[in-house]
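Fold and contact review
If you want the building blocks of each chain, they are given just below.
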Amino acid sequence: MSETVLVIGGGGREHAITRALAPDAEVYALASNRNPGIGSLAAGTEITDETDTAAVVAYAERIDADAAVIGPESALAAGVADALNDAGVFTFGPTAEAARIETDKAYQREFMAEHEIPGTPEFETFDEAEAAAAYVEDVEGDVAVKPTGLTGGKGVRVTGDQVSHAEAAEYVRGSGHDEWVIEERLVGEEFTVQAFVNDGEMRLTPAVQDHKRAYEGDEGPNTGGMGSYSDAGATLPFMTPQEYYSAASVLEATVDALPEYTGVLYGQFMLTDEGPKVVEFNARFGDPEAMNVLPVMETPLLDIVTAAREGESLPEPAFENRATVCKYAVPAGYPTDPDAGSEIEVDESTVAAAADAHGGDALLFYASVDDREDGLFTTTSRSFAVVGVADDIPTAESIAADALAAAGEGLRVREDVGTEELVESRIDHMASIRD
Ligand code: AMP
Ligand code: GLY
C-alpha cells in the first residue's frame, strides 16, 4: 500500500472516516482517547491531545504521513491543518482561518451577509453580554441566541421553543460569554448536506437529518447529536429534489467565496416555508452524519483526499441507493451530567445478528470511549453508534434498533430516531409549514 494517512480524532465520525480509508490506505490514528474500533483498523495509534499542533506534526512525521484527515473542529480551530501543511503533510481540512466559518458564528453570519449567500437569516452581533441580553428582552418575534465560539452544539437557546425571552436574556447575562449572535428563529425541519471541497470545487453527499435534542420527541437539552437518518437517494422524505438543490446552491455560493478551502463543508439547514435557510456551517464532517454518508459511498474516500492533494478535479462520488439509520448510545446523564469513567460492555455479536434478521447491513462505530487494559470506559461524550443500512428507512431503523441491544448497562439511547412514526411526523410538520 502506497499511501499513509493520519486520521485525527477518536469519535464515531473518525471511526467512520478510518473505516472508509482503511481498505485503500495504511491508516494511523491520533486522538485523546483510545477508540477500539479505530484501533482495530489502524496500523498505529498515538494517544495525544488532538489540538497539540507540535505533537500532531511530530507523529505525522514519525509515520511519514502522505496525507492527514481532521475530524474534530477543536483541532481545526487550533491550527492543526496549518501546522501539518507547513510541515509538508497535505491535510484534508481547512486552515484555522478558513475554519472560522464554523468556529466564529459572528464571522460566519457577517461572511454570509457580505457575500450575499442565499438563505442567510436576519441577525445582529454583539460583543458585550448586557447589550445582547437587552436586545433579546426587547426584540419582536422569536430569536436564537448563540455564543459566537465553539460550544459543542450545546450553547444555543431558542425562544418560543426551549425558553422565553426573559429566560434567554438571563442565560445571555449569566453564561460568561461576551460575544453573541442573536438571529431570527427559523421554523421548519432541519437537515444536513455535507460536501467535499477543494480549490473552489465541491462534490455533494446525500442529505441527513440529525436529532440534537437529548430525549424522545425532541425534548430536553441539545446534544452533539443522538442519531440521524438518510434515505435511498440524495433527499429526505420531507424534502423535494428542488429543496435539496437550493441547499446545494447555498453551499456552492459559500465555496465560491472560499476559493482556498479544502476539506468537508457541512451545511446545517432549516427547511422553512421560504426554502432552506442556513442554521450554521461546519468545517468538517458531522458526527453522526459522517456515519450515514460514508458507509454508502462507493467511491473510495482516499481518491477524494489524493485528488485534492494533487490539485486534480475531485471525483464525483457515487453512493449506493440505500437508506441509513444511526443511533447513538450515550452515558447516563449525557449531556448535562454525563456519567464518565463507567465501565461498559458492547456486545458486537448483536450487531451482525440484527443485519441478518432484517436483510441489510449493520455497522458499529465506537465513539468517545476509552479502551483500557482493565476494560472499556465512558467519557463525558457519546459512547458508540450503530448504523443500519437497508433499501428503506424502516428496515434500516429495525436493524439499528436491534443492534442497539449491544448496549449494556448504564447507556441511554433515543429510540425514536428513524422510526416510521417520527419520519411521518417530520413529513406532516413540513406539510403544515408549506400550507
Ligand atoms: P448551532 O450550534 O448553530 O448548530 O445550533 C444548535 C441548534 O440550535 C441547531 O441545530 C438548531 O436546532 C438550533 N438553532 C440554531 N440556530 C437557530 C435558528 N436561527 N432558529 C431556530 N433554531 C436554531
Ligand atoms: N451533528 C452535528 C455536528 O456534527 O455538529
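Residues numbered from 1 in each chain as written. Chains lettered and ligands numbered in written order. Predicted model: local features only at pLDDT ≥ 70, side-chain atom pairs only at ≥ 80, totals over all residues. Heavy atoms only, no water.

Some points on the overall build of the chain
How we decide: For helices the rule is a DSSP run of H or I covering at least 4 residues; for strands it is a run of E covering at least 2, with both sets numbered from the N terminus onward. Here the globule rule is a power law, 2.2 Å times the number of residues to the power 0.38, and the radius of gyration is based on C-alpha atoms. Only protein chains enter the area calculation, which uses a 1.4 Å probe; residues under 20% of their type maximum are buried, those over 50% are exposed, and those in between are partly exposed. His is not counted, nor are the chain ends; Lys and Arg add positive charge and Asp and Glu add negative charge. For this purpose, a charge sits on NZ of Lys, CZ of Arg, CG of Asp or CD of Glu.
When its secondary structure is counted, the chain shows 15 helices and 24 strands. Relative to the globule expectation of 22 Å for 435 residues, the C-alpha radius of gyration of the chain, 21 Å, shows essentially globular dimensions. When the backbone C-alpha atoms are referred to their principal axes, the chain occupies close to 60 × 50 × 45 Å. For the chain, buried positions account for 58% of its 435 residues. Side-chain charges of the chain comprise 26 positive and 84 negative groups, with the mean position of each set lying 2 Å from the other.

So, the site of ligand 1
We apply this condition: To be near a molecule or strand, a residue needs just one of its heavy atoms within 4 Å of it. We call two N or O atoms a polar contact when they sit within 3.5 Å, provided that within protein one can donate a hydrogen and the other can accept it, with sequence-adjacent residues counted only if both atoms are side-chain atoms.
Close to ligand 1 lie 15 residues, the nearest being Glu183, Glu184, Leu186, Glu190 and Glu280. Here Lys105 contributes a side-chain N or O atom positioned 3.2 Å from an oxygen atom of ligand 1. The separation between an oxygen atom of ligand 1 and a polar side-chain atom of Glu190 is 2.4 Å. Sorting the residues of the shell around ligand 1 by element identifies β7 (143-147), β9 (180-184) and β17 (275-282) as the ones contributing at least two each.

Some points on the site of ligand 2
Put simply, the test is: The method behind every accessible area is Shrake-Rupley, applied with a 1.4 Å probe, and residues are considered shielded solely by the protein chains displayed. Lys, Arg, Asp and Glu make up the charged group, whereas Ala, Val, Leu, Ile, Met, Phe, Trp, Tyr, Cys and Pro make up the nonpolar group; the residues left over, Gly among them, are polar.
Near ligand 2 the following residues occur: Asp210, Lys212, Gly224, Tyr266, Asn282, Arg284, Gly286, Asp287, Pro288 and Glu289. Asp210 is positioned such that a nitrogen or oxygen atom in its side chain is 2.9 Å from a nitrogen atom of ligand 2. Between an oxygen atom of ligand 2 and a side-chain N or O atom of Asn282, the distance comes to 3.2 Å. Contact with the protein chains hides 91% of the accessible area of ligand 2, taken as 200 Å² for the molecule alone. Of the residues contributing to the shell around ligand 2, the split by class is 2 nonpolar, 3 polar and 5 charged.

Some remarks on the environment of Ala308
Definition in use: We call two residues contacting when some pair of their heavy atoms lies within 4.5 Å.
Its place among the elements puts Ala308 in helix α12 (residues 301-310). Taking the C-alpha atoms as reference points, Ala308 and Val187, 121 residues apart in sequence, are found 37 Å from one another. Aside from chain neighbours lying at most four places away, what touches Ala308 is Phe90, Phe92, Asn198 and Leu314.

Topic: the pattern of salt bridges
Convention followed: What counts as a salt bridge is simple: a side-chain nitrogen of Lys or Arg found within 4 Å of a carboxyl oxygen of Asp or Glu.
Counted by the stated rule, this structure contains 28 salt bridges. Across the pair Asp104 and Arg100 runs a salt bridge whose closest N-O atoms are separated by 3.4 Å. Among the residues examined, Asp104 registers a relative accessible area of 17% and is labelled buried. Note on Arg100: relative accessible area 27%, which makes it partly exposed. A salt bridge links Glu183 to Arg109; its shortest N-O distance comes to 2.7 Å. Residue Glu183 is found in strand β9, and its partner Arg109 is found in helix α7 (residues 105-114); the two are separated by 74 residues along the sequence. Residue classification places Glu183 among the buried positions, given a relative accessible area of 4%. Residue Arg109 is classed as buried on the basis of its relative accessible area, which comes to 1%.

Considerations on helix α8 (residues 129-138)
We apply this condition: The arc in question is traced by the directions running from the helix axis to the C-beta atoms.
Residues Ala129, Ala132, Ala133 and Val136 constitute the buried set of α8. Down the axis of α8, the sector holding all buried residues measures 95 degrees, keeping them to one side. Where the residues of α8 are buried, they touch β6 (123-126), β7, α9 (165-174) and β9.

From the geometry alone we can't say anything about function, so treat these as descriptive.
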